[in-house]
Each structure stands twice: as structure tokens, then as C-alpha cells.
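Observations on the model geometry
So you can see what is in the structure, the chains are spelled out below.
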Amino acid sequence: MQTRRIILVLLIVCLILPIAGATDIVINPVSSPNGAILLVVDGLGSSYFYPEFVPYDLDGNELMKAEADNIILIADGGVRVLDVTAPQPKTTPGHSILATGYSHANPSIVGFDDATIFDSAHKHDYLCIAVMQKGDFEALRAKQDIILFDSSNSLKTPTADLEINAQVPADVVELMEEWQNGLPCYLEGKEGIERYGAYNRWGIDTSDAIVRHMCNHYPNQKFLLTVNVGAVDVAGHYRGPEQYVKLIEELDGDICNLYCTCFENDLALIITADHGMSFRKTENGRYVGGHASDTYVDAVESRRIPLIISGPNVQIGIINETHGQEDIAPTLLSILDVTEVLLHSDGGTIPVKKYANLRVIADSPTEITLQREGVIIYSITDEDVTFIGLAPGEYTISTGRHTMSVNLDSDQVIEIEASSYDGTVLAAAIISVIMIGGGLTIREIIKE
Ligand SMILES: [Zn+2]
């Protein structure tokens, strides 16, 4: 039996790569994306374009929907999560939640160390770039290496401001300066809803140009590009449901180049929103939109947001489960195979990937053995090890006197306190689990 186990261990192709001080053990080869684009469409409610939903105004009247054929096509080539709710349907909290994976997040939390997806990405040598028309604030900007943002909060006189917080290649800075200067050309001579569309288009085109530049000139530099396009939200507030829907359709047309660039370069594209949008008819028969104030905050149209993900390692299909906006940050990290813990997150990893990674962190070097169905897959003496490319299913982790079973359907991090106490050797007093995945079940068995 022992011989059979040893042979099985030897048969498994394992590569050991040191990353960020941890040991990565590739159990099965994986196709991690070369980077990711997090596209936040400000105020885009999934009620207005998901085929399964029908939007209503606050009086219960049915509203028109957008024909977002391209976005749905992107979803068909990747994964679409059906029911995702924004716990605080407001712009700043929404972006704070997207950054931290914490449902009660605010800008102060974003400013904490190891709180955001950007901190985790930086640990793995990612460049963090952002193009944000709305949703940025000081703490969020500070987490970017470079960010183009609009400090005006006005579509009449928008600005493009550049903030550089770290060493960024000079040609990337130059490119972003070119696009910064190009905003007036996009808006020239355009008024009303046409101006709204041009403003969004500038955001998407700028992002596409940055992605193409990074892929062409820095193919080995991983990056996380965060994008916010702001005009769908503004249209919702001031132009009524018809123009809101029209602007979603226009964005749907503008998004194709960015998607193709991502697809061709094995990048992940994550399309979501900070919150949705609701409408009410005023006494004069005009529609007014909102999402954050007491009138709108509880409406499903204000809270239900899209989550569409494409990338080389994501599954194809629809996930018909209930999730929260706080699940998006840990899910994004799992797509990047960045198995880091977001310190304040209460979100879970949505099982969007074709495989799962399991990271085991001990407080001192200890023998860590991974088994499945009684067969040893790998055994190593280490204090921080990540098993990569595991098929979803039930696994057993053994350390010292302790064994725990892990139902792995998405990336998980397990923390083990293995050091001795009372002078005894390897007491393995406490085994604790950091929940970064919603589907995790743990059963601890103490050996006699
Ligand atoms: Zn917003």
C-alpha cells in the first residue's frame, strides 16, 4: 500500500516555484490569465439587460430593457453570475466593496494595509493601473501605481487628471498623458446624450489602448487595470429610463475592441457595477432615477448588479446562485491565481474557475500532507505552501496529529498553528481556517 502511494506521488507532475515567499506546488498545470481588467460600469443594473430579468419602476410599471447583445455574447463565452446584490448601493461604498471584498467597506478600510485586491496584486508584482471617471477617492487612488481620473464630477466640464504613485515605465506614462489630452476631442461639438456616450467611449478606448500597449511592450508584466465608466449612471439620474437604456446599448457597441484585446492576450475581463438604478415617475409625468437615497435604496433594480467574467481559466456557463458584491474581490484574486487573504473581507470566492488552489499557512515549518480518497497527492515540510490546479472535490490535509477534510470548490486558505506548547513537540494545538470561499466546509478530526 505504501509503495503504491509513493508511486502515485511520483507519477504526479509537480513543479515547485517560489512566489512571494511561499512555495507553489503545481499539481496540475493551469492557464492563469496574464492580467485582468475590472470594468465597473457605474450604475449598470443587471435588471435592465440580463435575459432573465424584467425591470420595474417604483410603482410597479414595467420598464424597457437594453439590447446588450455583445455583453451577453461575452458572457456566453465565459461565466455569468445571475444574482449579485450590492449591499450598499452607492458609488463610494460600492467601489470600496469591490476593492476590499467587505460588505461594510468604506474609504478608510480601503486605505488599510493588505485590505484590497491592489495590495494582493502588488505582492505578486502586478502593476495596478486605473482609468476611473467616477468611484475613485484618495485612498483608492493611492493604491494604484498610476491612475487617470476625473476630479470634476461634471459631464459639462469633465477633466482627466493623472496621478502617479509608483515607478511606472515612461512610455506608459506618455501613453496615458496622450489619452488624458485626447478627452476634449471625444467631446467636441457633442451635447446631451451624445456627449454621455462619447465620455464613456473615451474611457473604454483609453483602457483598450493601455491594455494593447502593455501586451505589446511588456508581455511579462502582469497588470490589473481598474476601469470605471460613469455616464450610464448620470443618464439614469437625469435622463430617464429610455436614455439610460440607450446609453447601455451604446456602451455595448463600444466594448467589443476591449473584449477582443483581452481575448487575444489571455487576459481576464470582469464586467460589473457599483450599484444599479431605479426610476420613479414624478407628478409631471417625468422619470427621475436614483439608487442611494431612501426612496430608491431598497428596490431590487438599485441593488442587483451584473457579474460577467471571461478569461482563459474560467468556466463557461451561468451560475444560478445568490451572491453579494463582496464576493467579487476574492473571486477576482482567484481568477488571477493570487491566493492571498483580503484582511477585512467577508466575501466568498465564487466557483467560476475550472480548478481550485489550496494554500496552507503554518506558524512554523511543519509536515503538510494533501490527500484525496486515501491517496497521498503531495507531502512537504513547509510553513506556507499553495497547491495549485486541484480538481474540485473533497481533500484531506494532515499536519502532525491533526487531519481536516476540505470540500474544495474554489480557492481556499487554511491557517495552521503548529508550534509546540508546554514543551511538547508539535502539539498542533489549534487549526483555524480563513474563509475566502463561500463553499468551504471543514471537518476536523483529532487523531487519538
Ligand atoms: Zn455609482
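Throughout what follows, the structure given in this document is the object of discussion. (Residues numbered from 1 in each chain as written. Predicted model: local features only at pLDDT ≥ 70, side-chain atom pairs only at ≥ 80, totals over all residues. Heavy atoms only, no water.)

Once that is clear, we can look at the environment of alanine 22. By secondary structure assignment, the location of alanine 22 is in strand E2 (residues 22–26). Separated by 338 residues in the primary sequence, alanine 22 and valine 360 have C-alpha atoms spaced 9.7 Å apart. (Helix = DSSP H or I, 4+ residues; strand = E, 2+ residues; numbered from the N terminus.)

Moving on, we get to the coordination of the zinc ion. Looking at the metal site, the zinc ion is ligated by Asp42 (OD), Thr91 (OG1), Asp274 (OD) and His275 (NE2), spaced 1.9 to 2.2 Å from it. One can describe the site at the zinc ion as irregular: its 4 donor atoms subtend angles covering 94 to 139 degrees at the metal. We note that the donor set of the zinc ion lies within a single chain, spaced as D-x48-T-x182-D-H. Taken together, the residues aspartate 42 in the loop between strand E3 (35–41) and helix H2 (69–76) and threonine 91 in helix H3 (residues 91–100) connect sequence positions 49 residues apart. Considered together, aspartate 42 and threonine 91 belong to a single accessibility category, that of buried residues. (Donors = N, O, S within 2.8 Å, 3.2 Å for Na, K, Ca; no water. Tetrahedral: all angles 85-135°; square planar, octahedral: opposite > 155°, others 65-115°. Buried < 20%, exposed > 50% of the residue type's maximum accessible area, 1.4 Å probe, protein only.)

Closest axis-to-axis distance for the helix H7 (residues 170–187)/helix H8 (residues 192–217) pair is 10 Å, and the angle between their directions is 160 degrees. If you check the angle between H7 and H8, you find them roughly antiparallel. Crossing angle aside, the handedness with which H7 passes H8 is right-handed. Seen from H7, the contacting residues are Asp171, Val172, Leu175, Met176, Trp179, Gln180, Gly182, Leu183, Tyr186 and Leu187; seen from H8, they are Arg195, Ala198, Tyr199, Arg201, Trp202, Asp205, Thr206, Ala209, Ile210, His213, Met214 and His217. Taken together, the residues that form the contact of H7 with H8 break down as 13 nonpolar, 5 polar and 4 charged. (Axes fitted to C-alpha atoms, helices over the stretch in contact; angles between N-to-C directions. Parallel < 35°, antiparallel > 145°, perpendicular 65-115°, else oblique. Left-handed = near helix turned anticlockwise from the far one by under 90°. Contact = heavy atoms within 4.5 Å. Nonpolar A, V, L, I, M, F, W, Y, C, P; charged D, E, K, R; others polar.)

Bringing the layout of surface pockets into the picture now. If you add up the space inside the second largest pocket, you get close to 370 Å³. Around the second largest pocket, the lining is made up of 18 residues, and of these Ser154, Leu155, Lys156, Tyr196 and Val234 lie nearest the centre. Breaking the lining of the second largest pocket down by element, the ones donating at least two residues are H8 and helix H9 (231–254). Top contributing element to the lining of the second largest pocket by residue count: H9, with 5 residues. (1 Å grid on protein atoms, 1.4 Å probe; cavity = no way out; pocket = protein on both sides within 12 Å on 5 of 7 lines; lining within 4 Å. Points joined across faces, edges and corners; volume = space filled by probe spheres on them.)

Within the structure shown, the criterion is met by 3 cavities of 30 Å³ or more. Roughly 50 Å³ of internal volume is contained in the largest cavity. Lining of the largest cavity is provided by Leu38, Val40, His95, Leu98, Ala99, Ile117, Phe118, Met132, Leu140 and Thr226. A per-element tally of the lining of the largest cavity places H3 first, with 3 residues.

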